[in-house]
Amino acid sequence: KKFFFDSIERSYPFIHGYGTGWGKGYIGNEKIPELYSRTQIGINVHNSLGPVNGRLYDLAAYGVCQICDNKKQLSQVFKEGHEIIGFDSKKECVDLIRYYLNNSEEASVIGEAGRERYLREYTMDNIWRIFFKNIDNYKNYMQIIKREAG
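Structural notes, computed from the coordinates.

Cut-offs applied
- The residue count restarts for each chain, going from 1 along the sequence in the order it is written.
- Per-residue local features are limited, in this predicted model, to residues with pLDDT of at least 70; the limit for side-chain atom pairs, both in listing and counting, is 80 or more; totals at the level of whole chains, interfaces and linings are taken over all residues.
- As a convention, hydrogens and water are excluded, and side-chain values are obtained from all of the structure's heavy atoms.
- The patches described consist of residues with a relative accessible area above 30% and no salt bridge, like charges being joined within 9 Å and nonpolar side chains (Val, Leu, Ile, Met, Phe, Trp, Tyr) within 5 Å.
- For the accessible areas, the method is Shrake-Rupley and the probe is 1.4 Å, while residue cover comes only from the protein chains on display.
- Within this document, salt bridges are pairs made up of a side-chain nitrogen of Lys or Arg and a carboxyl oxygen of Asp or Glu, the two lying within 4 Å of each other.
- Classification of residues uses two cut-offs on accessible area relative to the type maximum, computed with a 1.4 Å probe and protein chains only: under 20% is buried, over 50% is exposed, and between them is partly exposed.
- Secondary structure elements are taken from DSSP: a helix is a run of H or I of four residues or more, a strand is a run of E of two residues or more, and numbering for both begins at the N terminus.
- In what follows, residue pairs with any heavy atoms lying within 4.5 Å of each other are defined as contacts.
- What a helix is expected to span follows from its residue count: subtract one and scale by 1.5 Å.
- Arc definition: it is the arc formed by the directions from the helix axis to the C-beta atoms.

What to know about a nonpolar patch on the surface
Working step 1: Together, Met124, Ile127, Trp128, Phe131, Phe132 and Ile135 make up a nonpolar patch on the protein surface, roughly 610 Å² of accessible area in all.
Working step 2: The class of Phe131 is partly exposed, set by a relative accessible area of 41%.

Given below as structure tokens:
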């Protein structure tokens, strides 16, 4: 993973990458809102099989055009190519960064589409609403099963 980040930082020495593997290391949580509010492109690499981590939603909430690994799985959360951009290789990531830096209006449209999706489906209020709706659906399903078995 460190080699991946080193390669991106060599290709784009002006990049501000933070976290495990990035040359600048970690940034304090109190600095993240200010960083995201001025970020044009967010590179999101998961520490697992993904595609879900907090950054996936945080970058979307700030309207940041997100270039994310786990391309095949992203459609479970956002519409790939419209609300988020996925990559499968280091070369593809580097090429996508270049493309969206040179096409900042398109990056802004994608970031805004991701933000709209976030506000529509992934705020805490929406997550809890869906959670309780699923519990109610499960309870109703179990009542039907009991009646049919009864």
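Having seen the structure, we can now continue with the description.
Points about the environment of Gly111
Working step 1: Position of Gly111 among the secondary structure elements: in helix 5 (residues 104-122).
Working step 2: Judged by its relative accessible area of 0%, Gly111 falls in the buried class.
Working step 3: Those residues within four positions of Gly111 in sequence are excluded, and the remaining contacts are Ala60, Gly63, Val64 and Cys65.

Quick look at the pattern of salt bridges
Working step 1: Inspection of every chain in the model, using the stated rule, returns eight salt bridges.
Working step 2: Across the pair Glu121 and Arg117 runs a salt bridge whose closest N-O atoms are separated by 3.0 Å. Taken together, the positions of Glu121 and Arg117, both in helix 5 and four residues apart, correspond to about one turn of that helix.
Working step 3: Among the residues examined, Glu121 registers a relative accessible area of 28% and is labelled partly exposed.
Working step 4: One salt-bridge network, held together by shared partners, links Glu83, Arg117, Arg120 and Glu121.

Description of helix 4 (residues 90-102)
Note: α-helices contain 3.6 residues per turn, so residues at a spacing of three or four share the same orientation.
Working step 1: A rise of 1.5 Å per residue sets the reference length of helix 4, with its 13 residues, at 18 Å; its end C-alpha atoms lie 19 Å apart and thus fit the reference within 8%.
Working step 2: Buried within helix 4 are the following residues: Cys93, Val94, Leu96, Ile97 and Tyr100. The buried residues of helix 4 occupy an angular sector of 160° when projected down its axis, which confines them to one face. Away from the buried face of helix 4 by more than 90 degrees, exposed residues Lys91 and Asn102 are located.
Working step 3: The elements touched by buried residues of helix 4 are helix 1 (2-11), strand 1 (41-44), strand 2 (65-68), strand 3 (85-86) and helix 5.

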